[in-house]
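Working through the structure, step by step
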Amino acid sequence: MKTDNLNEEAPGSINESSDIDTASIKAERTILNLSMAGCVLFIIAEVLCAVLTHSIAILIDCVYDGAQLIMVGPFLILVPLLYKPTTQKRPYGYAQVESLFILIKYLVLLAIEIILVKESIVTIIEGGNEVDSTFIGIFELCISATCLLMFILLKSRSKNVNTPAVKAELFIWKLDVLSTLGVSASFFVNALIGKTSLSWICAYVDPGIAIFMSVILAKEPIEMIIESGRNLILFAPKEELVKNIEKICRQKCSAYESEVTFIDIIKTGRMLWIEVYFDTNKEFIDVAKLKALDLELEQTLENEFGDVWLELIPDVEEFRNVEPAKKPGLRQDRIAYVESKEKKKSEKKRSGK
């Protein structure tokens, strides 16, 4: 994904709608709209069930879904902006706005879960909460089956849409399938226990399940808060992602008789910004080959990782035998690479002699 015009008013800038991928926008918004509609129906059903049964576990699920719904609405407005190209005024486009939005979304969800865990603990201390376990078990089983159908529907529509927002929605529906199935099984077991001498436990099962669900559901918000925070301050992405990108870049450059010296990678929102520095060990660079390499590498990276901004940069800077302390502007991996390269050259000379 290249940006040819950085001027705010120039052709191809964000003011010109032809640069926006309308098909991708439509596909992503369709998925989010379907998810939101399904979420509304489930919230209505869960509110009715929570009122009838006074179940804290159902209430937690309802509040969690409600928070998700509240956050999906504003995101639908943000989606078209995420497809607009970068400009001089917005060198990262709206990608960081997406990271900020995701950070806020999961902070809200985590705060809600903490509050609900606190309420569940208070309920346990006060003697628990008696509920109709059989009714809730059947209700949760029906919800689980419906969530599975919704997940399959969204999955089939997202084959060509690989964005953080869509991935998050799919993850949430998959999590709903598993969590509601687990809750259903727990309440069926609780209904059986109620007919035994251990029936005194039943009053504590509902708030206990509520706490367990909150702890399990907290994993994703914590991970997304950390990742979004890293994206906002432009830290390098996860090590596994970096290694995969480096492997692809080195393979493609090697095929064009070029050697990667080092790679700078930044991830913000759904965008990956990749600068690949290379050395051809030749006096002249073949521009035609360079363009071919750029196109092939960019297409490969986009197919693998989604939205990518790629820049190939000939490494022409001389900084041999420089100590990091004396020249802090240079990255340590650059210095290490050059020192290693010089060492290999000197070893070849010795062996040649």
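Residues numbered from 1 in each chain as written. Predicted model: local features only at pLDDT ≥ 70, side-chain atom pairs only at ≥ 80, totals over all residues. Heavy atoms only, no water.

Turning next to the confidence of the model for the chain. Averaged over all residues, the pLDDT of the chain is 76; the fraction at 70 or higher stands at 76%. Helix 4 (residues 133-157) holds the highest mean pLDDT among the elements of the chain, 88, whereas helix 10 (residues 332-352) holds the lowest, 61. Contacts for the low-pLDDT stretch residues 1-20, under 50 throughout, to residues beyond four places or in other chains number 42 contacts. (pLDDT = per-residue confidence, 0-100. Helix = DSSP H or I, 4+ residues; strand = E, 2+ residues; numbered from the N terminus. Contact = heavy atoms within 4.5 Å.)

Time to look at the nonpolar core. If you look at the biggest cluster of nonpolar residues, it comprises 28 residues, and the most contacted ones within it are Ala 57, Ile 58, Cys 147, Leu 154, Trp 173, Phe 187 and Ile 209. Mapped by element, the contributors of at least two residues to this core are helix 1 (22-53), helix 2 (56-82), helix 4, helix 5 (164-193) and helix 6 (202-217). If one sorts the elements of this core by residue count, helix 4 sits on top with seven residues. (Core = buried A, V, L, I, M, F, W, Y, C linked by side-chain atoms within 4.5 Å. Buried < 20%, exposed > 50% of the residue type's maximum accessible area, 1.4 Å probe, protein only.)

With respect to the helices and strands, Glu 246 occurs in helix 8 (residues 239-255). Since its relative accessible area comes to 25%, Glu 246 is described here as partly exposed. Taking C-alpha positions, Glu 246 is 9.0 Å from Val 276, a pair spaced 30 residues apart along the chain.

For the rest of this paragraph, the subject is the environment of Ile 56. Relative to the helices and strands, Ile 56 is located in helix 2. The spacing of Ile 56 and Leu 116 is 60 residues in sequence and 8.5 Å in space, taken between C-alpha atoms. Once residues lying within four places of it in the same chain are set aside, the contact partners of Ile 56 are Ser 120, Thr 123, Asn 129, Asp 206, Pro 207 and Ala 210.

So, about the packing of aromatic side chains. As enumerated under the stated definition, the model contains three aromatic pairs in all. Each ring, one from Phe 262 and one from Tyr 277, has its centre 4.3 Å from the other, and the planes form 15 degrees; the classification is stacked. Of this pair, Phe 262 sits in strand 1 (residues 259-268) while Tyr 277 sits in strand 2 (residues 271-279); the two residues are 15 residues apart in sequence, bridging distant segments of the chain. Grouping residues by exposure puts Phe 262 and Tyr 277 together as buried. An angle of 40 degrees between the planes, with centres 5.7 Å apart, marks the rings of Trp 273 and Trp 309 as tilted. Taken as a pair, Trp 273 in strand 2 and Trp 309 in strand 3 (residues 308-314) lie far apart in primary sequence, 36 residues in all. (Phe/Tyr/Trp six-rings, centres within 6.5 Å; stacked < 30°, edge-to-face > 60°.)

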